[in-house]
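# Tertiary structure, described
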Amino acid sequence: MTKQKKITVIGGTGYAGSAIVREAVKRGHAVTAVSRSLPTDPVQGVNYVAASVADAGSAIAGADVVIGALSPRGPNAGTLAAAYKDLARQAGAAGARLVLVGGFSCLRRTAGAPRMLEAEAFPGDVPAEVVAEANENLVVLNNLLADTSGLDWLFVSPALEFSAWQPGEDLGRYRVGDEVALFDENGRSAISGVDYARAMLDEIETPTRHRAQIGVAY
């Protein structure tokens, strides 16, 4: 039986965050979800806290794992890297593992190749806010790679198709790659919210990688 962990999810009411919260509670973990506002449809058994990252100290203290699931859009645009630096500091002070929801374009096409965002141009029809979000996620990853504190971190990049607009289905399976993006036999890169959350909780319960980036897809 898996030992119960105290898990704090920052951004726990968003698309990725809410899926992670639901999966963690289902597995019997003690879950605190932090977001700017309380949800209208809370998950039973979750301790919800309305706060920013800067004010989330009480929710982080005592946690075994701190998950960052913030979206760099809307009010968070341009602030994600700084917010996650603060979150990394707080997680380190609490002795917690830091697990972040990353970005697809931070992955590589092949082992040893540049990260996609560094080597490939976005198609012209990609909205500017999506490009900005990808760039900010890369700054977050580079900050983690440059960390010298010894913080136990993991940057979990979802597949290309992963959003509230492409929710996908609960297939009950997934594949994990390291820094190389995963595609299926048809060249598609996709993962549903529930299967992404399942992959993250499996890694939290039975850690296989530390201070690393991984990718999750079908």
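Definitions and limits used
- Residues numbered from 1 in each chain as written.
- Predicted model: local features only at pLDDT ≥ 70, side-chain atom pairs only at ≥ 80, totals over all residues.
- Heavy atoms only, no water.
- Pairing = 2+ DSSP bridges.
- Helix = DSSP H or I, 4+ residues; strand = E, 2+ residues; numbered from the N terminus.
- Axes fitted to C-alpha atoms, helices over the stretch in contact; angles between N-to-C directions.
- Contact = heavy atoms within 4.5 Å.
- Buried < 20%, exposed > 50% of the residue type's maximum accessible area, 1.4 Å probe, protein only.
- Expected span 1.5 Å × (residues − 1).
- Phe/Tyr/Trp six-rings, centres within 6.5 Å; stacked < 30°, edge-to-face > 60°.

### Examining the sheet that holds strand E5 (residues 97-101)
Strands sit in the order E3-E2-E1-E4-E5-E6-E8-E7 across an open sheet of eight strands; the sheet is mixed. Each edge of the open sheet is held by one strand with a lone partner, namely strand E3 (47-50) and strand E7 (175-177). Taken pair by pair, the neighbouring strands of this sheet meet at an average axis angle of 20 degrees, ignoring direction. Across the face of the sheet, helix H5 (residues 128-145) comes into contact with E5, strand E6 (153-158) and strand E8 (212-217) while running at roughly 155 degrees to E6.

### Concerning the pairing of E8
With five of six residues buried, E8 is to be regarded as a mostly interior element. Sheet topology note: the E7/E8 ladder contains three bridges and is antiparallel. Opposite Arg 175, over in E8, you have Ala 217 as the bridge partner.

### Here's the deal with helix H6 (residues 193-205)
For H6, which comprises 13 residues, the first-to-last C-alpha distance of 18 Å matches the rise-based estimate of 18 Å (1.5 Å per residue) to within 8%. Here H6 lies mainly inside the structure; eleven of its 13 residues are buried. Within H6, burial applies to Gly 193, Asp 195, Tyr 196, Ala 197, Arg 198, Ala 199, Met 200, Leu 201, Glu 203, Ile 204 and Glu 205. The elements touched by buried residues of H6 are strand E1 (6-10), helix H1 (15-26), strand E4 (65-68), E5, E6 and E8.

### Quick look at unusual backbone geometry
Located in the positive-phi region is Arg 211, a residue other than glycine, with phi close to 50 degrees. Its location among the elements puts Arg 211 in the loop between H6 and E8.

### With respect to the packing of aromatic side chains
Overall, the coordinates contain three aromatic pairs when judged by the stated rule. Plain terms: the ring middles of Phe 104 and Phe 183 are 6.2 Å apart, the flat faces sit at 85 degrees to each other, and that makes the pair edge-to-face. Highlighted residues: Phe 104 in the loop between E5 and helix H4 (116-119) and Phe 183 in the loop between E7 and H6, separated in sequence by 79 residues. Here Phe 104 falls in the buried class, since its relative accessible area comes to 13%. When the centroid spacing of 4.7 Å and the interplanar angle of 45 degrees are considered together, the rings of Phe 162 and Tyr 196 count as tilted. Of the two residues, Phe 162 sits in the loop between E6 and E7 while Tyr 196 sits in helix H6, which places them 34 residues apart along the sequence. With a relative accessible area of 14%, Phe 162 lands in the buried category. A residue is classified by how much of its surface remains accessible, and Tyr 196, at 0% relative accessible area, is buried. Members of the aromatic cluster, joined through ring pairs, are Tyr 15, Phe 162 and Tyr 196.

Shape descriptors only; they carry no functional weight alone.
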